[in-house]
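A look at the structure
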Amino acid sequence: MINADEIAGIIKQRIASYATGTNEAEIGTVIKVGDSIARIYGLDNAQSSELVEFPNGLNGIVLNLEEDSVGVAIMGPDTDIKEGDKVRRTGRIASVPVGDAVLGRVVNPLGQPVDGKGPIASSEYRTIENIAPTVVERQGVKQPLQTGIRAIDALIPIGKGQRELIIGDRGTGKTAIAVDTILNQKGKDVICIYVAIGQKNSTVASLLQTFERAGAMEYTTIVTVSAAEPASLKWIAPFAGCAMAEYFMYQGKDVLVVYDDLTRHAQAYREVSLLLRRPPGREAYPGDIFFLHSRLLERAAKLSDEKGGGSITALPIIETQAGDVSAYIPTNVISITDGQIYLQNGLFFQGIRPAVDVGISVSRVGSAAQTKAMKSVAGRLKLDLAQYRELAAFAKLASDLDKATQQQLNRGDKMTQVLVQPQLAPQPMEDEVAVIFAATRGHLDAIPTNRVGEWVNRFVDYLHEKHEAVPDAIRTSGALSEETEKQLITAIEDFNKGF
């Protein structure tokens, strides 16, 4: 039975609540295109960093807002885009997918997968440009982020929330340090994001294999943009990686981000800026090149406990030309970061690898980010190495040296060899402490310098086989108690008898 009154009531209600409105989509026209940059007329209300869509489905990011047109960086090849094409505003600010779905994946700077493992099922997105945490929202850096590299953990410690620059010439092992640090985070509840800017695809593929073999891809995301892709994609890559890291940081987790490398990033940004006709400054870089890197690296922080206590530790990499640390981009980034690990060509070719120059390298957080055990052995190491460097310079001139000087030079040689470590073999903190303790206390003075590496490897194995209690005690307490110290000395003496 149909009730006419009921139907009339529904119709009246629908008429009353009917809202008219026009759905306005702003469309612009391409007036000029080339070098992955387009000038578009008619997008009067476009916002900075907004995404616009071209007819072929490619996106672009609005960069220049001018009186009668906007300058857009095209996120892909511009070959199919021509003058007169219609461009649509999306109303979305450039953003990337974030969350657990991106872990273990290789993505491009737009968050699209490039590893052939299907789409990324992420419901959450985060804008690539975000404001860094304020002073009130941060706390001091005080927890160590272990790299597993003796030379760094002892002398240039990195803390959670720190920004430590890795700087050196091409082929001195900068990426190797970053990779070892990522491998060393296995089982330490640290999420890693590796941003490869303008690297060869073959390099990224071999890196992916290294991570997969070591089981590191479970907690790692690789953001990659190859050298052949447009400069605009290289420019947003580190910001995309940082956005993915921020999501985890605000969930109270610890994240490590590697930007490899910011020299290529600066060059890409310079290219985009010059094509957009922004005025060039020193070395043709735009005036805001310092702001570009400072707003990126300032987002690395250790959040306060009220904010969840998460952290982003940033390891930016800078490539120098012929060891020139005083060039424009290196000095910029040195002034933004909390210290630098300086890798030297000369050391690398002498076979001292990692080729860390412990004289110039510095961590501005210092021993605040070290365990008590490491602090107790590292102080002595720093002093001995500093004295050794001074003496070694004089020893070249002198013909006969007194016994004390010879002793100190001998000890310094052993120390330098102890800091040599093979690639892809990061060490747990307790093993590092035991090895450095042996070296600083003179237990290696009688070992031939060329056999120090062999001594280190065999001693660590021996320690775990016969004196497991020593590394266990150092690991659980984070300190080197008198009791543990006595046991460690006994272990070293027993091992040396058979070596």
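Described below are features of the structure shown in this document. As the structure is a prediction and not an experimental result, all values here were calculated from the model.

This part takes up the overall build of the protein. The helix and strand inventory of the protein stands at 15 helices and 16 strands. Along the first, second and third principal axes, the C-alpha set of the protein runs to 105 × 65 × 40 Å. When the 499 residues of the protein are sorted by exposure, 53% land in the buried category. Residue pairs at least 24 apart in sequence account for 74% of intrachain contacts in the protein once pairs closer than 6 positions are excluded. Put simply, the protein shows about 22,900 Å² of open surface, and 51% of that area lies on carbon and sulfur atoms. Of note, the protein has its 52 positive side-chain charges centred 2 Å away from the centre of its 61 negative side-chain charges.

All right, on to the packing of aromatic side chains then. Applying the stated rule across the entire model yields nine aromatic pairs. Where Y247 meets F248, the ring centres are 5.4 Å apart and the plane angle is 75 degrees; that geometry is what we call edge-to-face. The class for F248 is buried, based on a relative accessible area of 0%. Their ring planes at 85 degrees and their centres at 5.6 Å tell us that F348 and F349 sit as a pair that is edge-to-face. The exposure class of F349 is exposed, given its relative accessible area of 62%. Grouped by ring-pair contacts, the aromatic residues W455, F459, Y462, F495 and F499 constitute a single cluster.

The subject of this paragraph is the sheet that holds strand β4 (residues 59-65). Read around the closed barrel, the six strands follow the order β1-β2-β5-β4-β3-β6; overall the barrel is antiparallel. Neighbour-to-neighbour, the strand axes of the sheet open up by a mean angle of 45 degrees, direction not taken into account. Two elements, strand β1 (residues 27-34) and strand β2 (residues 37-41), share five bridges in a ladder whose sense is antiparallel. Counterpart to G34 in the pairing with β2 is I37.

With that settled, the discussion passes to the pairing of strand β10 (residues 165-168). Neither face of β10 is left uncovered, since the one carrying L165 and I167 and the one carrying I166 and G168 both have all their residues buried. Relative to strand β15 (residues 339-343), β10 is paired through four bridges, and the arrangement is parallel. Bridge pairing links L165 to Q340 in β15. Bridging between β10 and strand β14 (residues 311-319) involves three bridges; their strand directions are parallel. Its bridge partner being in β14, I167 is matched across the sheet by I318.

Applying the stated criterion across every chain yields a total of one cavity of 30 Å³ or more. Computed from the structure, the largest cavity encloses a volume of approximately 50 Å³. Among the residues making up the lining of the largest cavity, the classes are represented as six nonpolar, three polar and one charged.

Once that is clear, we can look at the nonpolar core. Counting 67 residues, the largest nonpolar core has F211, I341, W455, F459 and L488 as the members making the most contacts within it. Among residues more than four places away in sequence, those in contact with F459 are A434, L488, A491, I492 and F495. Listed in part, the 61 residues of the second largest apolar core include I120, V223, Y269 and I318.

Okay, the pattern of salt bridges next. The tally for this structure, following the rule as stated, stands at 23 salt bridges. A salt bridge links E298 to R138; the shortest N-O distance between them is 3.7 Å. With a gap of 160 residues between them, E298 in the loop between α7 (289-297) and β14 and R138 in the loop between β9 (125-127) and α2 (150-155) connect regions that are remote in the sequence. Take E298: its relative accessible area is 34%, and that puts it in the partly exposed class. Exposure remark for R138: the relative accessible area of 21% places this residue in the partly exposed category. Residue D254 is joined to K160 by a salt bridge in which the shortest nitrogen-to-oxygen separation is 3.4 Å.

Attention shifts here to the side chain of E432. By the secondary structure assignment, E432 is in helix α12 (residues 429-440). Buried within the structure, E432 lacks any salt-bridge partner; R150 is the closest side chain of opposite charge, at an N-O distance of 6.7 Å. Beyond its immediate sequence surroundings of up to four residues, E432 is in contact with Q146, G148, I149, R150, D153, M374 and Q427.

Let's shift gears to unusual backbone geometry. Between D260 and the following residue, D261, the backbone shows a cis peptide bond with an omega angle of 0 degrees. Within the secondary structure, D261 sits in the loop between β13 (254-260) and α6 (262-275). Following R353, the chain continues to P354 via a peptide bond in cis, the omega torsion being 0 degrees. Inspection of the secondary structure puts P354 in the loop between α9 (345-350) and β16 (362-363). A positive phi angle, near 70 degrees, is found at S49, a position not held by glycine. Residue placement: S49 occurs in the loop between β2 and β3 (50-53). A positive phi is found at A284, a non-glycine position, where the angle reads about 65 degrees. Inspection of the secondary structure puts A284 in the loop between α6 and α7. By relative accessible area, which is 30% here, A284 ends up partly exposed.

Counting along an α-helix, one turn takes 3.6 residues, and residues three or four places apart therefore face a common direction. Taking 1.5 Å of rise per residue, the 15 residues of helix α13 (residues 452-466) would be expected to cover 21 Å, and the 20 Å separating its terminal C-alpha atoms lies within 8% of that figure. Residues V452, W455, V456, F459, V460, Y462 and L463 constitute the buried set of α13. Mapping the buried residues of α13 onto a view down its axis gives an arc of 165 degrees, with all of them on the same face.

Parameters at a glance
Residues numbered from 1 in each chain as written. Predicted model: local features only at pLDDT ≥ 70, side-chain atom pairs only at ≥ 80, totals over all residues. Heavy atoms only, no water. Helix = DSSP H or I, 4+ residues; strand = E, 2+ residues; numbered from the N terminus. Buried < 20%, exposed > 50% of the residue type's maximum accessible area, 1.4 Å probe, protein only. Contact = heavy atoms within 4.5 Å. Areas by Shrake-Rupley, 256 points an atom, 1.4 Å probe, with all protein chains shown as cover. Lys, Arg positive; Asp, Glu negative; His and termini not counted. Charge placed at Lys NZ, Arg CZ, Asp CG, Glu CD. Phe/Tyr/Trp six-rings, centres within 6.5 Å; stacked < 30°, edge-to-face > 60°. Pairing = 2+ DSSP bridges. Axes fitted to C-alpha atoms, helices over the stretch in contact; angles between N-to-C directions. 1 Å grid on protein atoms, 1.4 Å probe; cavity = no way out; pocket = protein on both sides within 12 Å on 5 of 7 lines; lining within 4 Å. Points joined across faces, edges and corners; volume = space filled by probe spheres on them. Nonpolar A, V, L, I, M, F, W, Y, C, P; charged D, E, K, R; others polar. Core = buried A, V, L, I, M, F, W, Y, C linked by side-chain atoms within 4.5 Å. Salt bridge = Lys/Arg side-chain N within 4 Å of Asp/Glu carboxyl O. Expected span 1.5 Å × (residues − 1). Arc of directions from axis to C-beta.

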